[in-house]
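# Structural features, examined
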Amino acid sequence: MSLQDKVAIVTGGSRGIGRAIALALAGAGAKVAFCHNGDPAAAGTLAEINQLSTGMERTADVADEAAIAGLFDAVDAALGPVDILVNNAGILRESPLAQTDVAEFDRVIAVNLRGTFLASREFVRRTDAGRIINIASDLGILGRQDMAAYTASKGAIIALTRTLALELAPGILVNAIAPGSIETDMTSPAHMSPEQLARDMASPLARFGQPEDIAAMALFLAGPGAGFVTGQCFGVNGGSVMY
Ligand code: NAP
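Residues numbered from 1 in each chain as written. Predicted model: local features only at pLDDT ≥ 70, side-chain atom pairs only at ≥ 80, totals over all residues. Heavy atoms only, no water.

## Observations concerning a nonpolar patch on the surface
A surface patch of nonpolar side chains, about 320 Å² in accessible area, is lined by Ile141, Leu142 and Tyr243. Summarising the element assignment, Tyr243 is placed in the segment after strand S7 (233-236). (Patch = residues over 30% accessible without salt bridge, like charges linked within 9 Å, V, L, I, M, F, W, Y side chains within 5 Å. Areas by Shrake-Rupley, 256 points an atom, 1.4 Å probe, with all protein chains shown as cover. Salt bridge = Lys/Arg side-chain N within 4 Å of Asp/Glu carboxyl O. Helix = DSSP H or I, 4+ residues; strand = E, 2+ residues; numbered from the N terminus.)

Quick look at the structure:
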């Protein structure tokens, strides 16, 4: 499957799932730009992309309207018009509802949901053809105690996916991937409690997935084989949600 001559943006592409998606798209021949919010891993990921294709990286907070416009301007100038947008950047905060302050709630919604809205809007203002792939979560369907903002943001991304699929058809196909538990920094013991990690192992396959498991689905959704697919949410989750 070739994405030769295609240009992709992956938000949050410096590590984890975003990095795996960026490398998969580059491996299929796409030019791949990614943003992050200052991650020191970005330079290494850019070097990996450049071994496969042509890459660029940029610090841009996805919650910041001007930063997203600047990202698209820079990618347009360096690589050409964008064909594929992967809204992957996300953050997770774990806290019981009573202890969740407004700033913490707002930040999770701003990065995960507003970031998806801003980048999608910028994409649509510049093209009427292409693919948008939103990274949601199985927790946006299942819910999860002590993750109110995160689960709400991910459920909203699935709803946004359906609305944009309707609004942007037939030129732009919009789909979501809802990963189950994937082994990244986000699910490391430094960022998640032992109780949550134990819940993450409760799917039928009883193990964590790898970022490459999500990248394989993203590659399919970006390519010609997915030409009749829009408005869907694909669970890549070890069976945690059965659609
Ligand atoms: P990760 O390893 O923590 O990587 C997150 C990426 O997003 C990094 O590149 C990070 O760069 C970037 N990022 C965070 N905030 C940003 C911002 N405001 N602006 C721009 N970039 C930002 O996370 P991951 O596990 O790969 O998760 C990727 C996506 O998959 C997220 O949307 C997450 O919710 C979703 N997901 C993950 C799992 C899982 O089990 N891991 C499950 C379901 C869904 P900086 O460090 O520079 O901020």
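Back to the write-up after that little detour.
## Concerning the site of the ligand
Of all residues adjacent to the ligand, which total 31 residues, the nearest are Ser14, Arg15, Asn37, Tyr150 and Thr184. Within the backbone of Gly38, one N or O atom sits 3.3 Å away from an oxygen atom of the ligand. For the ligand, whose free accessible area comes to 890 Å², the fraction covered by protein is 94%. At the level of elements, helix H1 (16-27), helix H4 (102-126) and helix H6 (148-168) are the ones that each hand at least two residues to the shell around the ligand. Each residue belonging to the shell around the ligand can be placed in one class, and the counts come to 12 nonpolar, 13 polar and 6 charged. (Near = heavy atom within 4 Å. Polar contact = N/O pair within 3.5 Å; in protein donor to acceptor, adjacent residues only side chain to side chain. Nonpolar A, V, L, I, M, F, W, Y, C, P; charged D, E, K, R; others polar.)

## Looking at unusual backbone geometry
Residue Pro170 follows Ala169 across a cis peptide bond; omega there is 5°. Here Pro170 shows up in the loop between H6 and strand S6 (172-179). The phi dihedral of Asp5 falls on the positive side, at around 75°, and the residue is not glycine. Counting through the fold element by element, Asp5 comes out in the segment before strand S1 (7-11).

## Digging into helix H3 (residues 65-79)
For H3, with 15 residues, the first-to-last C-alpha span of 21 Å sits near the 21 Å given by 1.5 Å per residue. Among all positions in H3, only Ala67, Ile68, Gly70, Leu71, Phe72, Ala74, Val75 and Leu79 are buried. The inward-facing, buried residues of H3 contact S1, strand S2 (31-36), strand S3 (55-59), strand S4 (84-87) and H4. The first or second residue beyond H3 is Gly80, which carries a positive phi of 110°. (Expected span 1.5 Å × (residues − 1). Buried < 20%, exposed > 50% of the residue type's maximum accessible area, 1.4 Å probe, protein only. Contact = heavy atoms within 4.5 Å.)

## Side note on the nonpolar core
Judged by nonpolar contacts, the single largest core of 40 residues is most densely connected at Ile9, Phe72 and Val75. Counting residues per element, the ones that place at least two in this core are S1, S2, H3, H4, H6 and S6. Of the residues forming this core, the biggest block, 7 residues, is contributed by H3. Sequence-distant contacts of Ile9, that is, excluding residues within four places in its chain, are made with Ala33, Leu71, Phe72, Val75, Val82, Ile84, Leu85 and Val86. Core analysis: the next-biggest nonpolar cluster, separate from the first, contains 32 residues, Ala8, Leu23, Ile49 and Ile84 among them. (Core = buried A, V, L, I, M, F, W, Y, C linked by side-chain atoms within 4.5 Å.)

So far we have only geometry, and geometry alone does not tell us how the molecule works.
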